[in-house]
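Secondary and tertiary structure notes
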Amino acid sequence: MGTESPAVRATVIFGLRTFGAVPLPVRADLEYDPSDPYAIAVGYHAGPGVVRWLFGRDLLADGLIAPAGDGDVRVRPAADPARVIVELNAPDGSAVLEAPASELADFLDRTYDEIPAGDEARWFDFDHELTKLAMHD
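Summary of the structure given here. (Residues numbered from 1 in each chain as written. Predicted model: local features only at pLDDT ≥ 70, side-chain atom pairs only at ≥ 80, totals over all residues. Heavy atoms only, no water.)

1. Looking at the nonpolar core
Nonpolar side chains in soluble globular proteins tend to end up buried together. Residues Phe14, Leu30, Tyr44 and Leu104 are the most contacted members of the largest nonpolar core, which totals 29 residues. Residues in contact with Tyr44, not counting those within four places in the same chain, are Phe14, Val26, Arg27, Ala28, Gly49, Val50, Val51, Trp53, Val86, Leu88 and Leu97. (Core = buried A, V, L, I, M, F, W, Y, C linked by side-chain atoms within 4.5 Å. Buried < 20%, exposed > 50% of the residue type's maximum accessible area, 1.4 Å probe, protein only. Contact = heavy atoms within 4.5 Å.)

Next comes the structure, spelled out in C-alpha cells:
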C-alpha cells in the first residue's frame, strides 16, 4: 500500500435533460479518494439535498471515449463531442445528465496524477475493507 495521498475534488455543472426544454443546471461535486482508488463519488445537488452516486473511475474514463456501463450508471459521448452523457438509473427514478467533457477529463487526469491507472491495488487496503464488511454483518 502507498503513502497517504490527498483527495481530488472538482465541482462541475451538469445539465439535467428534460423533455422539450433546455437542460436544467445541476451542481455536482466530484471526489476521488485514494483510499478507495477504484471509485469516483459524485454528489448531485438536487433540491434541498444531495444525491450521492459512487461508480468506477474506469467507467467514467471509458465513457469519455465510447459508451460504457450496463448497470445503474452509463456514460457515453454526446452528439456534441464537447459533452458527455451520464445516465443514472435507480429503483425510484432515473436521470439523464450532460457535462463538459473537458472538465471531466481534467478531473480524471488529476486522479491519475495521484494514482496512475493500474496502480490501484497498491493503494487499496483489502484487510480494512473486509473488516468494514464484517462489522456490518
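2. Details of the side chain of Arg57
Here Arg57 shows up in helix α1 (residues 57–63). Reaching out from Arg57, the side chain makes a polar contact with the side chain of Tyr32 at a distance of 3.4 Å. (Helix = DSSP H or I, 4+ residues; strand = E, 2+ residues; numbered from the N terminus. Polar contact = N/O pair within 3.5 Å; in protein donor to acceptor, adjacent residues only side chain to side chain.)

3. Here's the deal with the sheet that holds strand β3 (residues 39–46)
Strand order in the open sheet formed by 7 strands is β4-β3-β2-β1-β7-β6-β5, and the pairing between neighbours is antiparallel. The sheet is open, and its two edges are formed by β4 (49–56) and β5 (73–77), each paired on a single side. When strand polarity is set aside, the average angle formed by the axes of neighbouring strands in this sheet is 30°. Both β3 and β4 contribute to a ladder of 8 bridges, which runs antiparallel. Among the inter-strand pairings, Ile40 is bridged to a residue of β4, identified as Phe55. Against the sheet, helix α2 (residues 101–114) makes contact with β1 (8–16), β2 (24–32), β3, β6 (83–90) and β7 (93–100), and its axis sits at roughly 160° relative to β1, the strand it touches most. (Pairing = 2+ DSSP bridges. Axes fitted to C-alpha atoms, helices over the stretch in contact; angles between N-to-C directions.)

4. Some remarks on empty space enclosed by the protein
Considering all chains together, one arrives at 1 cavity of 30 Å³ or more under this definition. One number sums up the size of the largest cavity: a volume of about 30 Å³. Its residues placed into classes, the lining of the largest cavity shows 8 nonpolar, no polar and no charged. (1 Å grid on protein atoms, 1.4 Å probe; cavity = no way out; pocket = protein on both sides within 12 Å on 5 of 7 lines; lining within 4 Å. Points joined across faces, edges and corners; volume = space filled by probe spheres on them. Nonpolar A, V, L, I, M, F, W, Y, C, P; charged D, E, K, R; others polar.)

5. Quick notes on the pattern of salt bridges
By the definition in use, this model includes 5 salt bridges. Between Arg9 and Glu31 there is a salt bridge whose closest N-O contact spans 3.2 Å. Pair noted here: Arg9 is in strand β1 and Glu31 is in strand β2, with a separation of 22 residues, a long-range link. With a relative accessible area of 24%, Glu31 lands in the partly exposed category. For Glu98, the salt bridge is made with Arg17, and the minimal N-O distance between the two is 2.9 Å. You can see Glu98 sitting in strand β7 and its partner Arg17 sitting in the loop between β1 and β2, a full 81 residues away along the chain. (Salt bridge = Lys/Arg side-chain N within 4 Å of Asp/Glu carboxyl O.)

6. What to know about the environment of Glu87
Along the chain, the position of Glu87 falls in strand β6. Spatially, the C-alpha atom of Glu87 lies 10.0 Å from that of Leu16, the residues being 71 residues apart in sequence. Apart from residues no more than four positions distant in its own chain, Glu87 is found in contact with Asp72, Val73, Arg74, Arg76, Ala95 and Val96.

7. What to know about the pairing of β2
Pairing analysis gives 9 bridges linking β1 to β2, with the strands arranged antiparallel. Across the sheet, Phe14 pairs through a bridge with Val26, a residue of β2. Direction of pairing for β2 relative to β3: antiparallel, over a ladder of 4 bridges. Within the sheet, the bridge partner assigned to Glu31 lies in β3 and is Ala41. Hairpin geometry of β2 and β3 is characterised by an intervening segment of 6 residues between the two adjacent antiparallel strands.

Fair warning: the whole summary comes from geometry, so function is off the table for now.
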